[in-house]
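Structural characterization, general
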Amino acid sequence: MAQFVDWDLAAATAGALSKSGPRVSYAEATDVVGDLRRLTDEAAGHVADYTGLRAQVSHPPVRVVDRRDWAATNIAGLREVITPLVSRLSGDKQPGAFTEAIGSRLTGVQAGTVLAYLSGRVLGQYEVFSAEPGQLLLVAPNIVEVERKLGADPRDFRLWVCLHEVTHRTQFTAVPWMRAYFLSEVQAFVDASSSGSEHLLERLRRGVATLSEAVRDPESRTSVLDIVQTPAQRAVLDRLTALMTLLEGHAEFVMDGVGPQVIPSVERIRASFNRRREAGNPLEKAIRRLLGVDVKMRQYAEGRKFVHGVVERVGMDGFNSIFNSPLTLPRLSELGDPDAWVARVHGPAGTIPAAG
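Where an unreviewed UniProt entry is consulted, the protein chain appears under the name Coenzyme F420 biosynthesis-associated protein, with the organism given as Micromonospora inaquosa.

Structural data, given as structure tokens:
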């Protein structure tokens, strides 16, 4: 079977390049892990009460990981998704000597480089690729590092992070079709290529190389959109962009709604964190530019504004109908126009359908 990425080399590269976390004693590290697990459970209650959404499927407990574990988990998840896609595209043909000896190894190093860089910046993640229904990861070294840099109260900052990440877990476990839908869109993006499999795989390789280049050179002006060559692929990308903007905006909205009730220093944390986000690290700026959504789609701000607008018009129960099916998800054009979504889903009057 063709190997698109040398996954073992990707994992080795990520492990070698991942930086060590902030200096903490063994006792401090143990306390942080216990604190994050406890605060995850606390956040779950707050999120459920505020949103009215409750898990419909069982989920594994939170995993508190270090940077290398985060990278390794994401490599394993990507491997589960990408390997079958490449196998189907290649017809299970064995790769040529060049692809086997050079191509997959080069892509493995590039993928490992990207994930090593990200591993030092991600605070938490709901990882959906590796298994049903997904798993919640909290990257303890990064949380401690950021709370120290912001001068934030540790308990308050950790709960604030947990609120965001638990909201993502809720989105995928209270909406059982969400994970399958997301993975199907990833599949659709691949299927939408009108070129032969060899050409598509080369474009995917260039996409990974482009991200790797951005890690090394934040001033790079190349774009992943260069590999999106068909209208069908652009349509899928629009749907994925709309979905991710909704999910991120919803998590931000929940943080802002719950935070003042349970986190005494939330205003200071939000202000400090926004300044850090706006300043941005080079990779975040590069990724926004690379994906071509830096101007038209600022996921956190626009998504939060959309969710706020919908809840203001039809209430939380009315907003939650957004999760009824893929057909009720917002279209890209509706993210800047909550009235359009309300009119399409609830009718022109914006009335909430009566419970059956």
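Moving on from the model shown.
**So, the sheet that holds strand 2 (residues 124-127)**
An order of 1-3-2 is seen for the 3 strands of this open sheet, with the pairing classed as mixed. Of all the strands in the sheet, the pair left with one neighbour each is strand 1 (63-65) and strand 2. On average, adjacent strands in this sheet sit at an angle of 25° to one another, irrespective of strand direction. Relative to strand 3 (residues 135-139), strand 2 is paired through 4 bridges, and the arrangement is antiparallel. Of the residues in strand 3, the one forming a bridge with Q125 is L137.

**Quick notes on the nonpolar core**
F157, F319 and F323 are the most contacted members of the largest nonpolar core, which has 65 residues in total. Top contributing element to this core by residue count: helix 9 (residues 231-262), with 11 residues. Taken domain by domain, the makeup of this core includes at least three residues from each of domain 1 (1-174) and domain 2 (195-348). Not counting residues within four places of it along the chain, the set of residues in contact with F319 comprises L246, H250, V307, V310, V311, V314 and W341. By size, the runner-up hydrophobic cluster in this structure holds 15 residues, among which are F4, W70, A71 and L115.

**So, the pattern of salt bridges**
With the rule as written, the count across this model stands at 17 salt bridges. Across the salt bridge formed by D156 and R155, the nearest N and O atoms sit 3.0 Å from each other. D156 sits in the buried class, given a relative accessible area of 5%. Relative accessible area serves as the criterion here: at 29%, R155 is assigned to the partly exposed category. By sharing partners, the salt bridges in this structure join D35, R38, E42, E147, R155, D156 and R158 into a single network.

**Description of the packing of aromatic side chains**
A complete count under the given rule lists 9 aromatic pairs for this structure. Between F306 and W341, the aromatic rings sit 6.4 Å apart at their centres with planes inclined by 85°, giving edge-to-face as the arrangement. Taken together, the positions of F306 in helix 12 (residues 299-320) and W341 in helix 13 (residues 338-346) put the pair 35 residues apart, joining distant regions of the chain. Looking at W341, the relative accessible area reads 0%, which means it is buried. The positively charged end of R121 is found above the aromatic ring belonging to Y117, 4.0 Å away from the centroid.

**Some thoughts on the confidence of the model for the protein chain**
For the protein chain, mean pLDDT is 83; residues scoring 70 or higher make up 76% of the total. This model gives residues 291-297 a pLDDT under 50, and the stretch forms 15 contacts once residues within four places in sequence are excluded. Considering only residues more than four positions removed or in separate chains, one finds that residues 352-356, a stretch of pLDDT under 50, has 4 contacts.

**Looking at the packing of helix 12 against helix 13**
Their axes nearest at 8 Å, the elements helix 12 and helix 13 cross at an angle of 25°. Taken together, the axes of helix 12 and helix 13 are roughly parallel relative to one another. Together, F306, G309, V310, R313, V314, G318 and F319 of helix 12 and P338, D339, W341, V342 and H346 of helix 13 make up the contact between the two elements. Split by residue class, the contact of helix 12 with helix 13 holds 7 nonpolar, 3 polar and 2 charged.

**Considerations on the side chain of S321**
Within the element layout of this structure, S321 appears in the loop between helix 12 and helix 13. If we ignore the near neighbours within four places in the chain, the residues touching S321 are T328, W341, V345 and H346.

**Here we look at helix 13**
Of all the positions in helix 13, only P338, W341, V342 and H346 are classed as buried. Buried residues of helix 13 fall within an arc of 100° about the axis and therefore sit on the same side. Structurally, helix 13 contributes buried residues whose contacts are with helix 12. Just past helix 13, the residue G347 takes up positive phi, approximately 95°.

Quick notes on the rules
- All residue numbers here refer to positions counted from 1 along the written sequence of the relevant chain.
- Local features are withheld for residues below a pLDDT of 70 in this predicted model, meaning they are given only at 70 or higher, and side-chain atom pairs are given and counted only at 80 or more; totals for whole chains, interfaces and linings count all residues.
- Each side-chain value is derived from all of the structure's non-hydrogen atoms; neither hydrogens nor water enter the calculation.
- At least two bridges found by DSSP between two strands is the condition for calling them paired.
- Comment: elements are numbered from the N terminus, with helices defined as DSSP H or I runs of at least four residues and strands as E runs of at least two.
- In this description, a line fitted to the C-alpha atoms serves as the axis of each element, helices being fitted only across the stretch in contact, and the angle between N-to-C directions of two axes falls anywhere from 0 to 180 degrees.
- Here, nonpolar core means buried Ala, Val, Leu, Ile, Met, Phe, Trp, Tyr and Cys residues that are tied together by side-chain atoms lying within 4.5 Å of each other.
- Summary of the burial criterion: residues with accessible area below 20% of their type's maximum are buried, those above 50% are exposed, and those between are partly exposed, where the area comes from a 1.4 Å probe applied to protein chains only.
- An automatic or database domain assignment is the source of the domain bounds shown.
- Here a residue-residue contact requires only that any non-hydrogen atoms of the pair lie within 4.5 Å.
- Put simply, a salt bridge is a Lys or Arg side-chain nitrogen that is within 4 Å of an Asp or Glu carboxyl oxygen.
- In summary, the pairing rule links any two rings of Phe, Tyr or Trp, Trp by its six-membered ring, whose centres are within 6.5 Å, and it sorts them by plane angle into stacked for under 30 degrees, edge-to-face for over 60 and tilted for everything else.
- Here, over-ring charges are defined by two tests on the NZ atom of lysine or the CZ atom of arginine: distance to the ring centre within 6 Å, and angle to the ring normal within 35 degrees.
- Per-residue confidence from the predictor is reported as pLDDT, a score between 0 and 100.
- Roughly parallel here means an angle under 35 degrees, roughly antiparallel means over 145, roughly perpendicular means 65 to 115, and every remaining angle is called oblique.
- Polar here means any residue outside two lists: the nonpolar Ala, Val, Leu, Ile, Met, Phe, Trp, Tyr, Cys and Pro, and the charged Asp, Glu, Lys and Arg; Gly therefore counts as polar.
- In this context, the arc is that of the directions from the helix axis out to the C-beta atoms.

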